[in-house]
Amino acid sequence: MIEKIDELVNEGLLKEAGIIKPNRKLYEFNHERIREIFKQLLERLGEKGFYLATIVGTDMLKDKKIRLDYYVVVLPEEITIVLRTYVDRDNPEINSILDLIPAALAPECEIYDLLGVVFKGNPALRRPFFVPEELVEKGIYPLRKDARV
Amino acid sequence: MQGCRAVAIDKVIEVPYALEIPVGPQHPALHEPLLLKAYADGEEVIKVEVHTGYNHRGIEKLAEKNSFYRDIFIVSRVCGICNGVHANCYVRAVEQILGIEPSPRAKYLRVLAMELERIHSHMLINAVMAEIIGFDSLFMNIMRDREYIMKSKEIVTGNRVSADYMIFGGVRRDLNSEKVDKLKKLLDRVIPRIKYYKKLFMEDETILKRLVDVGVVKPSEATLYGLLGPAARASGIKIDVRASDKYDAYGEIPFNVIVRNECDAWARMMVRWDEALESAEMVKYILDHLPQDEKAVPDERRLPRRFPPGEAYARVEAPRGELIYYVMSDGKPMPYRVKIRTPSVHNILNTAKFYIGYSIADLPVILTSWDPCISCMERLTIIDLKTGERRKVPMKELAGGGKKWVNPRYSL
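Residues numbered from 1 in each chain as written. Chains lettered and ligands numbered in written order. Predicted model: local features only at pLDDT ≥ 70, side-chain atom pairs only at ≥ 80, totals over all residues.

Caption draft 1: Highlighting the sheet that holds strand 8 (residues 337-341) of chain B. Residue and element names in this part refer to chain B. An order of 6-7-8 is seen for the three strands of this open sheet, with the pairing classed as antiparallel. The strands lining the two open edges of the sheet, one partner per strand, are strand 6 (310-318) and strand 8. For this sheet the average axis-to-axis angle between neighbouring strands, irrespective of direction, equals 10°. The pairing of strand 7 (residues 321-329) with strand 8 spans five bridges and is antiparallel. Counterpart to Met328 in the pairing with strand 8 is Arg337. (Pairing = 2+ DSSP bridges. Helix = DSSP H or I, 4+ residues; strand = E, 2+ residues; numbered from the N terminus. Axes fitted to C-alpha atoms, helices over the stretch in contact; angles between N-to-C directions.)

Caption draft 2: Quick look at the pairing of strand 2 (residues 24-28) of chain A. All names here are of chain A. The sheet contact formed by strand 1 (residues 15-20) and strand 2 spans four bridges and is antiparallel. Within the sheet, the bridge partner assigned to Lys15 lies in strand 2 and is Glu28. From the end of strand 1 to the start of strand 2, which pair antiparallel, there are three residues, and Asn23 there has a positive phi angle of about 65°. Pairing geometry for strand 2 and strand 5 (residues 79-88), over four bridges, is parallel. Opposite Lys25, over in strand 5, you have Ile81 as the bridge partner.

Caption draft 3: Examining the packing of helix 5 (residues 136-157) of chain B against helix 6 (residues 177-203) of chain B more closely. Residues and elements named next belong to chain B. Interaxial distance between helix 5 and helix 6 falls to 9 Å at its minimum, and their mutual angle equals 155°. Overall, the two elements helix 5 and helix 6 adopt an arrangement that is roughly antiparallel. Handedness of the crossing formed by helix 5 with helix 6: left-handed. Where helix 5 approaches helix 6, its residues Ile142, Asp145, Tyr148, Ile149, Lys151, Ser152 and Ile155 are matched on the opposing element by Lys179, Lys182, Leu183, Leu186, Arg189, Val190, Arg193 and Tyr197. A per-class count over the contact of helix 5 with helix 6 returns eight nonpolar, one polar and six charged. (Parallel < 35°, antiparallel > 145°, perpendicular 65-115°, else oblique. Left-handed = near helix turned anticlockwise from the far one by under 90°. Contact = placed C-beta atoms within 7 Å. Nonpolar A, V, L, I, M, F, W, Y, C, P; charged D, E, K, R; others polar.)

Shown next, in the form of structure tokens:
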């Protein structure tokens, strides 16, 4: 099934960008095409062909970006691939994939709460999800590098 | 009638009951303390909400503020039950960044500690399941036999629970032949007990009645909702990080990935028994084939103090499923980012849908079958919406249909 990912690369949806140790292939994509990519994954790999392991959000303070890594495990070989994208740090917005892949609920809610990335179309986003209420009142996103917690 | 007054009934007021079932708010072994709020129409669960945020400890931020070395001890405090796999996953991620590799003997010892952890974790959750369905004598028996494994873990790592066994480049204690003999004796006592409990879960009428066809998860739902570990394997999805990533010594130790196709709570518990037996065999194999000549314990004074920039993404098969550590270094003594994704995040937060349509008495069974930590859900509040009156009922009473009973036939 992993060769289906190469098809997406050939069609220009994904761009190869090296590896993350150990041996996780890294692909970059434009954050506006997120839904298109996951629709294609569902179509080509099938519902049982992969699962979303997690989304890792990282605050890249120097570049004024927030990096989002979607970790997808392709079945049945169980190969982890990384789909990486960047959103603007001052106005972090990306489309939600919750309606396509319900597994995105936990990571999307968590990243909204800890980093402030808005997943457009996710009705479950709320604060406080994890962080204490006093931080929510002050408008602090604790995992941002300039947040003093 | 004389002495009585007749009262004409002209209206009936229906009092709506909302059943609010708080799971939580916190427990040391539950990584993400949460509240599971269930709404029931009569006996049938119609909606479940998952609430979080009661005790977010901010471990990811804490890890960014501490050195790579201190983080080993911080991450093994994420979870009490599976502290070994947490430390192992973090240590392996940093080893990838550093480019060092432990000796084969150290790899075998790491697997030994992690497999012992898997056995006692699976025994614990099966014991809790027995307690939840009102079978307390079975709970106590399983917990007694689990002590053999805790003792084994103490012999290997020096501590029953919190082991702090892993270090970059190896482990922190070695085994001698005397300890190996002790471990073998303990294993010989525990394996027949696990087989007996497995038989009990297969044949006992009460257990079958409570678990079979409860909390069914279709295979396509298991992947869509991102279920992990025994929860996915009981739905026929063959995922096991030990088999796919072959980290540490898993490439050299023979074992089977247990998969079942029944898709219900019973299948999830049976997967755990089979895995416990499989792990016991693996432990035996490790004790017989432990590489002899290399050093397992690295000299901690000679370990690297400088961490090159880089990123690594390590996976490990924790007792509850795939556990993930993403570590990013920017060349400073402290990591730039540590992301932890525990299997329970998916198995608990994403599974609200699978309670719907079952009765309230099935709710604790389904919840337990995901393997959350249960000791904090011993409360249930019934709120009368009309009067605002609250009354507390223990979860166990609810699970047993209002009365606790144990048939003497089932006492061991």
